[in-house]
Structures are given as structure tokens and as C-alpha cells.
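What follows is each chain in one-letter form.
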Amino acid sequence: MAYQICKKCVLDSNIPGISFDLDGICNFCSDYIKRELPTKLNYELLEKEFVKLTKRDFKKYQYDCICLYSGGKDSSYMLYNLIKKYKLRVLAFTLDHGFLSDEAFFNIRKVVTKLKVDSIIYRPSRELITAVLKTGIFFYNNLPTSKELAFVIGHVCWPCFVLIAMSSIKFAVEKQIPNVIVGTTPGQIRQKKFDLVSKYNDLIDVYKTMVVPMLKLLKVSSYAHFTQDLDLSFLKKLKVLKVRLISFYEHHEYNEERVIKTVENEFDWQRPRDTDSCSSNCLLNSLGIEIHRRKYGISPYAIPFARDVREGLLDRGESLKTINVDLNMELVKHIAQELGVDLKNISSVKEA
Ligand SMILES: [Zn+2]
């Protein structure tokens, strides 16, 4: 098949299972059109649902919820709303994998100070971080599920997500916090499988589909001793059943312009200049993008962006620009070196 990009979304012929009709529209888009709901989502109702969910056990414990907080624009906007609009008692939780940009930290400090919110910045050991990342980069192939996760979510983003999920769940259980609120944007929420349709249901679903494959891979690798750092005891697993995972942007209409305007006006939030343009907080992202380009010839952002472009949430031209952005290769090489990842060992899946 000659190289082409879908005329409606941003997926190109490098996506496995893609095909194009005579108008240049991909099968994911035409399937989507067929499936499309007759009416638009009713965000008024969804927001009410959000209130109902988050007010469960309201004021019963020290905190009503953990907010997964990266310091990026989307989670800053979410944190602002949880406190100002919904009046929740929030613990902001940030995972520092050691590659957050300095400017992201600066934003975090500005936002949590202005909102007077309690904040935890949790940094696992470099050994654990490296073990999980290397597993996602080099050993992802050993299970069908992990192969899929690495492709759909990213060789770097998936391991990082596992670290965030497990460390925040542990905090929630230990501090008896009933809800964990996550600010992934719509396209990111739904990416899970090659069919690009599924969405996350709850914490148990996340644990089973995202975390367990990583634990399995760690167990059979030289990193087995790290599984206990990530996994939960039986008792904690029972307690986790009570924690609820709530997605902010599944219940609120996503509008990038409004998000940016709010965080700039309220916090003087500044887009970090030291990250690539897909991420406003994470330097590891560039490595993740480079690995995806080498392996599959696409950006890991193509999949979530395709979804959001299709739904009219993102502009197609802007998204294509972001997807094809030039990376700072000095930075990519530096990060790879820090992690002991030799980029020469990352080859195209087509050649393998
Ligand atoms: Zn398409």
C-alpha cells in the first residue's frame, strides 16, 4: 500500500489493520461514523453524574479525592475545577520519575500554592523506574497484551502510567481516600486496544488490563524483585475495591482553548519550553516518540489524536503538525543514556 494519511483523521498507512476507501477515509473513521451516537453527549447530565460520584463519602475522610496531577495544562485545569467549582478536599498527587521538566515543577508550585491544596510529589527509586521503563521498551513483546499496550499507549507512557496508577492507589488505600480522579483527555481515555474503541471502566479494569501485564513481565525478567514494589498485598487489593477511579474529561466537555485560557489567567501557567510539543510536562515523552517512530513509523500520539480529531475536539492540521514535530535529538539521546537504553537496539518491527 502506498503511503497515505486519512483525509478525516490523522492515522496513516503505518497503522496495523488500516485500510482506506476511495475517498481516502480510513476504516477506523468509517466504522466510527457508522457507530456514532444519534445525539451528542449531554455534558450537563454527565457533570451531574460527576458530582454524584465525587460526593460519595463526602467529608467522611481527610480527603475526598486524589487528583492525579502532572502540572500540565489539562490536569491543572482539572485541579482548579475540583477545588473551585466542586469544593472537594483534594490531595494533588504527582509522580516524579526524574524526567519532569523544571518548568513543569515551577507550574506545579504556582498552582498548588495558589489553590492552597495539599500536594505530594512521589519519586520512586531510579532502579524501579528504570526497570519498568526498560520492560516497556525491550520486553513488551513477551505477551500479546503487553505488545498491544506498548503500541497503543506507548513504550514509555504505558510503564509510566503503571507507576502512577500503582503508587496513587497505594496512597488512596493508606490514607482512606475514596476517589482517584484522572485527567486524561478523551482520546487517551479510550485507547486500549487495536480496535481503538474501548474505554476504561474502573480501577479493577485498569489494574487488570494495564498493570497486570507489566507485573507478569517483571516477574519473568531479571527485574522480578521489583514486582513487590508495585503490587498490592491481598488485604490492600480488597481495600482497592472501594476506591473509585473517576475520569474528569469523560464528564466534562474538552475545550483546549478554554483549558489554556483558564490556567494562564488563574495561575500564570506557562507552557514549558524544554518539552516536545505533545507534552507540557514530561521530557521522557520525546524518547517515547522517537521509539515509536523507529519501531512503527508513527507517533504514539497519532492514535489518541485521531480519536479527538474525528470527534471535532482537536484541529486536524494542528494535530498533524504536533505529531510530526521535530524532536530535540540531543535531549532524546541524553535521556536514553540516563536510562541505559541504547537507541541502536530499537529497530523497526517490520524488519524484525
Ligand atoms: Zn481516519
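Residues numbered from 1 in each chain as written. Predicted model: local features only at pLDDT ≥ 70, side-chain atom pairs only at ≥ 80, totals over all residues. Heavy atoms only, no water.

**Student:** Go over the sheet that holds strand 5 (residues 244-247) with me, naming the residues and quoting the values.
**Tutor:** Ordered by their spatial adjacency, five strands build an open sheet running 3-2-1-4-5, and the pairing between neighbours is parallel. Strands at the two margins of the open sheet, each flanked by one partner only, are strand 3 (118-122) and strand 5. Taken over all neighbouring pairs, the strand axes of this sheet differ in orientation by 25 degrees on average, direction set aside. The sheet contacts of helix 2 (residues 43-54) involve strand 4 (179-182) and strand 5, and relative to strand 5 the element is tilted by about 155 degrees. Where helix 3 (residues 73-85) meets the sheet, it contacts strand 1 (65-68), strand 2 (90-95) and strand 4, and its direction lies at approximately 160 degrees from that of strand 1. (Pairing = 2+ DSSP bridges. Helix = DSSP H or I, 4+ residues; strand = E, 2+ residues; numbered from the N terminus. Axes fitted to C-alpha atoms, helices over the stretch in contact; angles between N-to-C directions. Contact = heavy atoms within 4.5 Å.)

**Student:** So what about the coordination of the zinc ion? Which residues, and what values?
**Tutor:** Each donor-metal-donor angle in an ideal tetrahedron of four donors is 109.5 degrees, and each such angle in an ideal octahedron of six donors is either 90 or 180 degrees. Surrounding the zinc ion are the protein donor atoms Cys6 (SG), Cys9 (SG), Cys26 (SG) and Cys29 (SG), which sit 2.2 to 2.3 Å from the metal. Classification of the site at the zinc ion as tetrahedral follows from its four donor atoms and the range of 104 to 113 degrees in their angles at the metal. As a motif over one chain, the donors of the zinc ion read C-x2-C-x16-C-x2-C. Judged by its relative accessible area of 0%, Cys26 falls in the buried class. Judged by its relative accessible area of 0%, Cys29 is buried. (Donors = N, O, S within 2.8 Å, 3.2 Å for Na, K, Ca; no water. Tetrahedral: all angles 85-135°; square planar, octahedral: opposite > 155°, others 65-115°. Buried < 20%, exposed > 50% of the residue type's maximum accessible area, 1.4 Å probe, protein only.)

**Student:** Got a sec to walk through the nonpolar core? Specific residues and values, please.
**Tutor:** General note: in soluble globular proteins, nonpolar side chains tend to be found buried as a group. By size, the foremost hydrophobic cluster in this structure holds 87 residues, and its most contacted members are Leu11, Cys26, Ile66, Trp158, Leu230 and Leu287. Here this core gets 10 residues from one element, more than from any other, and that element is helix 7 (residues 157-174). The next biggest cluster of nonpolar side chains, apart from the first, holds 29 residues, and it includes Leu88, Tyr249, Tyr254 and Phe267. (Core = buried A, V, L, I, M, F, W, Y, C linked by side-chain atoms within 4.5 Å.)

**Student:** If you had to explain the packing of aromatic side chains to someone new, which residues and values would you point to?
**Tutor:** Summed over the entire model, instances satisfying the criterion amount to 13 aromatic pairs. Here the aromatic rings of Phe248 and Tyr249 are separated by 5.0 Å at their centres, their planes lie at 90 degrees, and the arrangement is edge-to-face. Among the residues examined, Phe248 registers a relative accessible area of 0% and is labelled buried. Members of the aromatic cluster, joined through ring pairs, are Phe50, Tyr77, Tyr86, Phe248, Tyr249 and Tyr254. Of note, Lys55 hangs over the ring of Phe58, and the distance from its end group to the ring centre comes to 4.6 Å. Taking NZ or CZ as reference, Arg310 lies 6.0 Å from the ring centre of Tyr32, over its face. (Phe/Tyr/Trp six-rings, centres within 6.5 Å; stacked < 30°, edge-to-face > 60°. Lys NZ or Arg CZ within 6 Å of the ring centre and 35° of its normal.)

**Student:** If you had to explain helix 13 (residues 284-296) to someone new, which residues and values would you point to?
**Tutor:** With 13 residues, helix 13 extends 18 Å from end C-alpha to end C-alpha; this agrees with the ideal 18 Å at 1.5 Å per step. Among the 13 residues in helix 13, 11 count as buried, and that is most of the element. Taken together, the buried positions of helix 13 are Leu284, Asn285, Ser286, Leu287, Gly288, Ile289, Glu290, Ile291, His292, Lys295 and Tyr296. Check the buried side of helix 13 and you find it contacts helix 5 (126-138), helix 6 (144-152), helix 7 and helix 16 (329-339). Of the residues trailing helix 13, Gly297 is marked for its positive phi of about 75 degrees. (Expected span 1.5 Å × (residues − 1).)

**Student:** Account for the side chain of Ser348, with residues named and values stated.
**Tutor:** Note that Ser348 resides in the segment after helix 16. For Ser348, a relative accessible area of 14% puts it in the buried group.

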